[in-house]
2 protein chains.
Amino acid sequence: MKICVLGGDGYCGWATALYLSGKGHTVAVVDNFLRRQWDFELGAQSLTPIRPLAERLRVWGQLTGKSIEQFIGDVNDYEFLAGVIESFQPDAVVHFAEQRSAPYSMIDRKHAVFTQVNNVVGTLNLLFALQELRPDCHLVKLGTMGEYGTPNIDIEEGYIRIEHNGRSDVLPFPKQPGSFYHLSKVHDSHNMMFACKIWGLRATDLNQGVVYGTVTEEVVLDEALINRFDYDDVFGTVLNRFCAQAAAGHPLTVYGKGGQTRGFLDIRDTVRCVEIACLNPPNSGECRVFNQFTEQFSVLELAEMVQAAGRKLGMPVTIEHLTGPRVESEEHYYNAKHSKLVDLGLQPHYLSDSLLDSLMNIAIQYQDRIDSSLFLPQVQWRNGRNQRARQSSVTAAVSASEVAY
Amino acid sequence: MKICVLGGDGYCGWATALYLSGKGHTVAVVDNFLRRQWDFELGAQSLTPIRPLAERLRVWGQLTGKSIEQFIGDVNDYEFLAGVIESFQPDAVVHFAEQRSAPYSMIDRKHAVFTQVNNVVGTLNLLFALQELRPDCHLVKLGTMGEYGTPNIDIEEGYIRIEHNGRSDVLPFPKQPGSFYHLSKVHDSHNMMFACKIWGLRATDLNQGVVYGTVTEEVVLDEALINRFDYDDVFGTVLNRFCAQAAAGHPLTVYGKGGQTRGFLDIRDTVRCVEIACLNPPNSGECRVFNQFTEQFSVLELAEMVQAAGRKLGMPVTIEHLTGPRVESEEHYYNAKHSKLVDLGLQPHYLSDSLLDSLMNIAIQYQDRIDSSLFLPQVQWRNGRNQRARQSSVTAAVSASEVAY
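In this convention, every chain numbers its residues from 1, walking through the sequence in written order. Numbering of ligands from 1 and lettering of chains from A proceed in the order in which they are written. In keeping with the predicted nature of the model, local features appear solely for residues at pLDDT of at least 70, side-chain atom pairs appear and are counted solely at 80 or more, and the whole-chain, interface and lining totals rest on all residues. Think of the side-chain values as coming from all heavy atoms in the structure, minus any hydrogens and water.

> What is the right way to look at the interface of chain B and chain A in this model?
How big an interface is tends to be stated in terms of the accessible area lost upon association of its parts. It only takes one pair of heavy atoms within 4.5 Å for two residues to be counted as in contact. Counting from both sides, the interface comprises 57 residues of chain B and, opposite them, 56 residues of chain A. The term buried area denotes the loss of accessible surface (1.4 Å probe radius) that occurs when two parts are joined, taken as the sum for both partners. Taken together, the two surfaces of chain B and chain A that pack against each other cover about 5,400 Å², and 64% of this comes from carbon and sulfur. The salt bridge definition used is simple: a Lys or Arg side-chain nitrogen within 4 Å of an Asp or Glu carboxyl oxygen. There are two salt bridges connecting chain B and chain A. Across the pair arginine 385 of chain B and glutamate 132 of chain A runs a salt bridge whose closest N-O atoms are separated by 2.6 Å.

> I'm lost on the environment of serine 339 of chain A in this one. Help?
Residues and elements named next belong to chain A. Helix and strand assignments follow DSSP, with helices taken as H or I runs no shorter than four residues and strands as E runs no shorter than two, numbered in order from the N terminus. In this structure, serine 339 sits in the loop between β14 (319-322) and α11 (340-343). For serine 339, a relative accessible area of 39% gives the class partly exposed. A C-alpha to C-alpha distance of 7.9 Å links serine 339 and asparagine 291, two positions 48 residues apart in sequence. Burial here depends on accessible area, computed with a 1.4 Å probe over protein chains only, as a share of the maximum for the residue type. Under 20% is buried, over 50% is exposed, and the range in between is partly exposed.

> Is there a simple way to explain the relation of the copies chain B and chain A in this structure?
Note that the two copies of the chain are related through a rotation about an axis and a translation along the same axis. For the least-squares superposition of copies, only C-alpha atoms count, and only for residues with pLDDT at least 70 in both. Take chain B, turn it by 180°, move it 0.0 Å along the axis, and it overlays chain A with an RMSD of 0.0 Å. Accordingly, the operation relating the two chain copies is best matched by a two-fold axis. The overlap is high: 98% of the interface residues of chain B also sit at the interface in chain A, so the same surface is used on both sides.

> What is the right way to look at the packing of aromatic side chains in this model?
Aromatic ring pairs are reported here in terms of the distance separating the ring centres and the angle at which the planes meet. Two rings from Phe, Tyr or Trp (for Trp, the six-membered ring) form a pair when their centres are within 6.5 Å of each other. A pair whose planes differ by under 30 degrees is stacked, one over 60 is edge-to-face, and the rest are tilted. Applying the stated criterion to the full structure yields 22 aromatic pairs over all chains. A ring pair is formed by phenylalanine 180 of chain A and phenylalanine 128 of chain B, whose centres lie 5.5 Å apart and whose planes are at 35°; its orientation type is tilted. Of this pair, phenylalanine 180 of chain A sits in helix α7 (residues 180-199) while phenylalanine 128 of chain B is found in helix α6 (residues 109-133), placing the two residues in two different chains. Here phenylalanine 180 of chain A matches phenylalanine 128 of chain B in class, with each residue buried. Site record: aromatic cluster; members linked through ring pairs are Trp38, Tyr104, Phe114 and Phe235 of chain A. Residue placement shows lysine 2 of chain A over the ring face of phenylalanine 88 of chain A; its charged tip is 4.9 Å from the ring centre. Placement of a charge over a ring requires the Lys NZ or Arg CZ to be within 6 Å of the ring centre, with the centre-to-atom vector within 35 degrees of the ring normal.

> I'm lost on the pairing of strand β8 (residues 202-208) of chain B in this one. Help?
A regular strand places its side chains so that they alternate between the two faces of the sheet. All names here are of chain B. With respect to burial, β8 is a largely interior element, seven of its seven residues being buried. On β8, burial covers both faces: Arg202, Thr204, Leu206 and Gln208 on one face and Ala203, Asp205 and Asn207 on the other are all buried. Strands are labelled as partners when DSSP assigns at least two bridges between them. Two strands pair when backbone bridges link them, and strand β5 (residues 138-144) and β8 are joined in this way by seven bridges, in the parallel orientation. Following the sheet pairing, threonine 144 is matched in β8 by glutamine 208. Summarising the sheet, β8 and strand β12 (residues 287-292) pair through six bridges and their orientation is parallel. When the bridges of β12 are listed, leucine 206 appears paired with phenylalanine 290.

> I'm lost on helix α9 (residues 267-279) of chain A in this one. Help?
Residues three or four positions apart in an α-helix share a direction because the helix packs 3.6 residues into each turn. Residues and elements named next belong to chain A. The span you would expect from a helix comes to 1.5 Å times its residue count less one. If you check α9, its first and last C-alpha atoms are 19 Å apart, about what 13 residues at 1.5 Å a residue would give, namely 18 Å. Burial runs high along α9: 10 of the 13 residues are buried. Residues Ile267, Asp269, Thr270, Val271, Cys273, Val274, Glu275, Ile276, Ala277 and Cys278 constitute the buried set of α9. N or O atoms within 3.5 Å of each other form a polar contact, as long as, within protein, one can give a hydrogen and the other can take it, and as long as residues adjacent in sequence are counted only when both atoms are side-chain atoms. Between a side-chain oxygen at the N-terminus of α9 and the backbone nitrogen of arginine 268 the separation is 2.8 Å; the capping residue is aspartate 266.

> Can you walk me through the pairing of strand β5 (residues 138-144) of chain A in this structure?
All names here are of chain A. Burial within β5 is extensive, with seven of its seven residues counted as buried. In terms of strand pairing, strand β4 (residues 92-95) meets β5 through four bridges, oriented parallel. Each residue of the ladder has a partner; that of histidine 95, found in β5, is lysine 141.

> Is there a simple way to explain the sheet that holds strand β13 (residues 295-298) of chain A in this structure?
Residue and element names in this part refer to chain A. Taken together, the three strands give an open sheet; going across it, the order is β9-β11-β13, and neighbouring strands pair in mixed fashion. Of all strands in the sheet, those bounded by a partner on one side alone are β9 (210-212) and β13. Neighbour to neighbour, the strand axes of the sheet diverge by 45° on average, direction disregarded. Here β9 runs beside strand β11 (residues 261-266); their pairing, made up of three bridges, is parallel. Residue pairing in the sheet places valine 210 in a bridge with phenylalanine 264 of β11. Helix axes are fitted only over the stretch in contact, all axes being lines through C-alpha atoms; the angle between N-to-C directions runs from 0 to 180 degrees.

> Looking at this structure, how should I read the packing of helix α1 (residues 11-22) of chain A against helix α3 (residues 53-64) of chain A?
How two helices sit against one another is set out by the angle between their axes and by the gap between those axes. Residues and elements named next belong to chain A. Where α1 meets α3, the closest approach of the two axes is 12 Å, and the angle between their N-to-C directions is 25°. Regarding the angle of α1 to α3, the classification is roughly parallel. Both α1 and α3 take part in a crossing whose hand is right-handed. Note on element contacts: α3 touches α1 through Leu53, Arg56, Leu57 and Trp60, opposite Trp14, Leu18, Ser21 and Gly22. Just so you know the grouping, Ala, Val, Leu, Ile, Met, Phe, Trp, Tyr, Cys and Pro go in nonpolar, Asp, Glu, Lys and Arg go in charged, and all remaining residues, Gly too, go in polar. Of the residues that constitute the contact of α1 with α3, the class distribution is five nonpolar, two polar and one charged. Our angle categories are set so that under 35 degrees counts as roughly parallel, over 145 as roughly antiparallel, 65 to 115 as roughly perpendicular, and the remainder as oblique. Crossings are assigned a handedness: left-handed for a near helix turned anticlockwise from the far helix by less than a right angle, right-handed for a clockwise turn.

> Explain helix α12 (residues 351-365) of chain A here, please?
Taking 1.5 Å per residue, 15 residues should reach 21 Å; α12 of chain A reaches 19 Å between its end C-alpha atoms and fits that length. Looking at α12 of chain A, one finds that the buried residues are Leu351, Ser354, Leu355, Ser358, Leu359, Met360, Ile362 and Ala363 of chain A.

> Any chance you could explain the confidence of the model for chain A here in plain terms?
It should be kept in mind that the predicted coordinates are not to be read in detail where pLDDT is low. Residues and elements named next belong to chain A. On average, residues of chain A score 94 in pLDDT, and 96% of them reach the 70 mark or higher. Confidence scores per residue from the predictor, reported as pLDDT, run from 0 to 100. Note on residues 392-405: pLDDT under 50 across the span, and 30 contacts to partners over four residues away in sequence or across chains. Here the complex is predicted with pTM 0.96, and the ipTM for its interfaces comes to 0.95.

> Please clarify how the pattern of salt bridges should be interpreted in this entry.
Pairs may arise between side chains of opposite charge once their charged atoms sit close together. Residue and element names in this part refer to chain A. Throughout the structure, instances matching the rule amount to 40 salt bridges over all chains. The salt bridge involving glutamate 55 is made with arginine 51; its shortest N-O contact spans 2.7 Å. Taking the relative accessible area as the measure of exposure, glutamate 55 reaches 22% and is therefore partly exposed. Residues joined by salt bridges that share partners form a network here, namely Arg35, Asp39, Arg100, Arg228 and Asp230.

> Just to check I follow, could you spell out the sheet that holds β4 of chain A for this structure?
The strands making up a sheet associate through backbone hydrogen bonding, with each pair oriented either parallel or antiparallel. Residues and elements named next belong to chain A. Read across the sheet, seven strands follow the order β3-β2-β1-β4-β5-β8-β12 without closing on themselves; strand pairing throughout is parallel. For this open sheet the edge positions go to β3 (69-72) and β12 (287-292), each flanked by a neighbour on one side alone. Here the strands of the sheet are splayed against their neighbours by 20° on average, with no regard to which way each runs. Two elements, strand β1 (residues 2-6) and β4, share four bridges in a ladder whose sense is parallel. Residue leucine 6 lies in a different strand from β4, and its bridge partner there is histidine 95. Against the sheet, helix α6 (residues 109-133) touches β1, β4 and β5, its axis set at about 175° to β4.

Structure representation (structure tokens):
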């Protein structure tokens, strides 16, 4: 298949682009390098040293004989995006090209507005470009399990049958997102459902859990292909941060009691899930939702697993409970369905098997690059303006002004 | 109370500002005149000749001795909006300042993007301004009944108790909006719920039905105070259009079978509902939802009522069924709850009593200003680009570029 990966220089996007290319698909990567820019803004960097995209793609081609086309630009620029679709003629577009950090969206008003405008307009542009130029193309869009929040009922995959006052209907599952970023994904989901309905587009909304790990079969082929490993307070996901903390001899920082339960998955499953979605497109007019994760853990459970893994390696790992920066329940019911991708062939990698190889060992290998000042949360949900903005306002303004309708 | 009416030069906003001022509240109007600009863009105008805001306010002051402060600017400009909040120190902000036409949002990509960015960013700015400057102020936000779509179950007021697999929770009512405009209101609703939760703001989301009528006690005091009456295909609501068609001797244009059922209300109830909301603020942290309409009608029922009213006046009124420009069910279940405002004291005006005075007679009085070329739908939901854009692209670009974060 011809598959276009928007945001293909980022964490999930890069692993996905290589995996799909390795599987024999014809792949194009689209990116504007905003993710690299945000590192400069935040004074952070990937634990693993990542190379420029052009070099990554050159090495991939030399090693495998497979070439990946690159388009450098912003999906918020419709003329650019339409040009990509027209020139590449994809069978599927995988859309990772959004601002994906909850804390980033909560820094202050400018970051909230930037996140929602960037994400919503990018997805709107894509929907209009497909309608205009490639209406049969399958849109594979990254959503998040965070769209659902933590309701006191089982979470279904996108839709729920509701019985009410003697009548019944299947309706979109109610959404209770927990940050301006998560809200942007909810907005996208509603826009996509509508576009599928009125224009007969076909889309898969992958409500992804928290991704962990760095290693995939493709990125280990050469150090030039290495993927990002973010552990900072803004872009780092919890498990990566715990492993970096363990490697740096820093206590694992659990927010509150650590009873926050979420869905998690190995990045090797992310790439496979995307391929499964691409290979099994929905019908025209259908906006299908998959919950894309493999296991549920509470934050405290994760900390304890990292602690145990550290001890196996002879590292004394302690756990510290901090007041959480977010507004969220520290104890709650959580049971989210996630069978649709398994039904289509996903064979999960489980955390117990990946923790040492794909996480702890990477963290230890690059421990000299760890900046411990990035471990502690600096963005408080209850504040309208956070200190993170002091160093970031100039960059954010630049980002916002790049949005072209 | 000190009440700030955003969008106070528009249709609902103007009637509301005068009503609240007449009731003794201290009122400020905020507007950037985009609504007047859209008339130029679309080659349309209000059936009733409306005066400049400054003149309207001067006459109101001369007639009643009550002064209404005006702030001219865009709520998308945060510095401007924050300045208004800081200077006026409102107890309640009534937010009408959004692009409110479904067809306008469906003209093409630029209009869709403009509508969502304008509405979402304006509301985000307002939430941040209240958090920063006036956290106890009550936000009274205009939503729409169109957020719910037409589910096959009863529509509740904002939230629904769902029993599922032996567990139960009260969750936001699932949304199935039918245009990029209606989607923008859904996005706003989610953003507001979140802001109330994390910052303890207090908000009322008024999911308003289709408003009809022109006459309120205040606007009839002088012709200089007259309100808008829109009947064109883009901003005209269905009942106003029918009355204008009847007055012009044009067939009433019903889309499809006309079984589309919606909630409706008299503009005299709009203004009272807003006051009721202001006088009964929710608690800090609460995002309350009222369904703001008084009666349900199908489009065909409305056409038949207008036909009957026309015949009483000796006008031969015919009904024509057109292929509908929207993607919507022509026959469906519809039963939406709307008791909360009545419980708080709303005494509805019913359409049967208002049709002649507030609608037909106005349409007849100004029939010389009717442009019949504006009756027929020019914006098709199934198209990504509509002809309306030909004359409008320059203006839309200007509007979009005015968005300042």
